[in-house]
Amino acid sequence: MKLLVMEDEIRLADILSDWFQKKGFEVTVCHDGLSGYEKAQNENFDVILSDVMLPGLDGFAVLQRARAAGVRTPVLMLTARAELEDRVRGLDGGADYYLTKPFQTP
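Values in this document were obtained by computation on a predicted structure and should not be read as measured data.

Peer 1: Help me understand the packing of aromatic side chains, please; the structure alone is not making it clear to me.
Peer 2: Centre distance and the angle of the planes are the two values used to describe a pair of aromatic rings. Taken as a whole and judged by the stated rule, the model has two aromatic pairs. Measuring from ring centre to ring centre gives 5.0 Å for Trp19 and Phe20, while their planes differ by 85 degrees; the resulting arrangement is edge-to-face. By relative accessible area, which is 16% here, Phe20 ends up buried. Judged by centre distance (5.1 Å) and plane angle (80 degrees), the rings of Phe20 and Phe25 are edge-to-face. Given the relative accessible area of 21%, Phe25 is considered partly exposed. Cluster of aromatic residues (ring-pair linked, three or more members): Trp19, Phe20 and Phe25. Its end group placed over the ring of Phe45, Lys2 keeps NZ or CZ at 5.1 Å from the ring centre.

As structure tokens, then:
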């Protein structure tokens, strides 16, 4: 399975990438919203994991643009923004799941 990770915190992106690779995923990492959007639009991924607070384009804008461009890949938002309105915005914007940081891997 191919996974796109959009996370600007390099240490966390590395941890996520290593963990998913150990689970058999092929992982691509982007540290900003614009490059993440370009990858999501131009490559085929099975899952997209996106932070909200990304430089360039935030995760909400990436999601909105990707959905408008016809990208139907499942998106999991992984973010520190835990307010109800943020969760609603993400899910209404086309995210399939919204998980807040901190989180624990199984």
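Next comes the rest of the description.
Peer 1: Help me understand the sheet that holds strand 2 (residues 26–30), please; the structure alone is not making it clear to me.
Peer 2: Sheets are built from strands that pair by backbone hydrogen bonding, the pairs being arranged parallel or antiparallel. Ordered by their spatial adjacency, five strands build an open sheet running 2-1-3-4-5, and the pairing between neighbours is parallel. Strands at the two margins of the open sheet, each flanked by one partner only, are strand 2 and strand 5 (97–100). Here the average twist between neighbouring strands, direction ignored, is 20 degrees. With four bridges connecting them, strand 4 (residues 75–79) and strand 5 associate as parallel partners. For Thr79, the partnering residue across the bridge sits in strand 5 and is Thr100. The strands that helix 1 (residues 10–22) touches are strand 1 (2–6), strand 2, strand 3 (47–50) and strand 4; relative to strand 2, the one it contacts most, it runs at about 170 degrees. Strand contacts of helix 2 (residues 33–42): strand 1, strand 2 and strand 3, with the helix running at about 160 degrees to strand 1, the strand carrying the most contacts.

Peer 1: How do you make sense of the pairing of strand 4 when you look at a structure like this?
Peer 2: Within a regular beta strand, the side chains point alternately toward one face of the sheet and then the other, so they alternate between its two faces. Within strand 4, four of the five residues are buried, which leaves the element mostly enclosed by the surrounding structure. In this sheet, strand 4 lies alongside strand 3 in parallel orientation, the contact comprising three bridges. Among the inter-strand pairings, Ser50 is bridged to a residue of strand 4, identified as Met77. Of the crossover connections in this fold, the one passing from strand 3 over helix 3 (residues 59–68) to the parallel strand 4 is right-handed. For the segment spanning strand 4, helix 4 (residues 84–92) and strand 5, crossover handedness is right-handed.

What counts and what doesn't
- Residue positions within a chain follow its written sequence, with the count starting from 1.
- Where totals are concerned, whole chains, interfaces and linings use all residues; where local detail is concerned, this predicted model gives features only for residues with pLDDT of at least 70, and gives and counts side-chain atom pairs only at 80 or more.
- Only hydrogens and water are set aside when side-chain values are computed; all heavy atoms of the structure are taken into account.
- Stacked, edge-to-face and tilted are the three classes for Phe, Tyr and Trp ring pairs, Trp counted by its six-membered ring, which pair at centre distances within 6.5 Å; planes under 30 degrees apart are stacked, over 60 edge-to-face, the rest tilted.
- Any residue under 20% of the maximum accessible area for its type is buried, any over 50% is exposed, and the rest in between are partly exposed; the area is computed with a 1.4 Å probe on protein chains only.
- Criterion for a charge above a ring: Arg CZ or Lys NZ at most 6 Å from the ring centre, at most 35 degrees from the ring normal.
- If DSSP finds at least two bridges between two strands, the strands pair.
- Strands here are runs of E lasting at least two residues and helices are runs of H or I lasting at least four, both read from the DSSP assignment and numbered beginning at the N terminus.
- For helices, the axis comes from a line fit to the C-alpha atoms of the stretch in contact; other axes are also lines fit to C-alpha atoms, and the angle between any two N-to-C directions lies between 0 and 180 degrees.
- Between two residues, a contact is recorded if the distance between any of their heavy atoms is within 4.5 Å.
- The path from the first strand over the helix to the second decides the hand: if it runs clockwise while the strands point away from the viewer, the crossover is right-handed.

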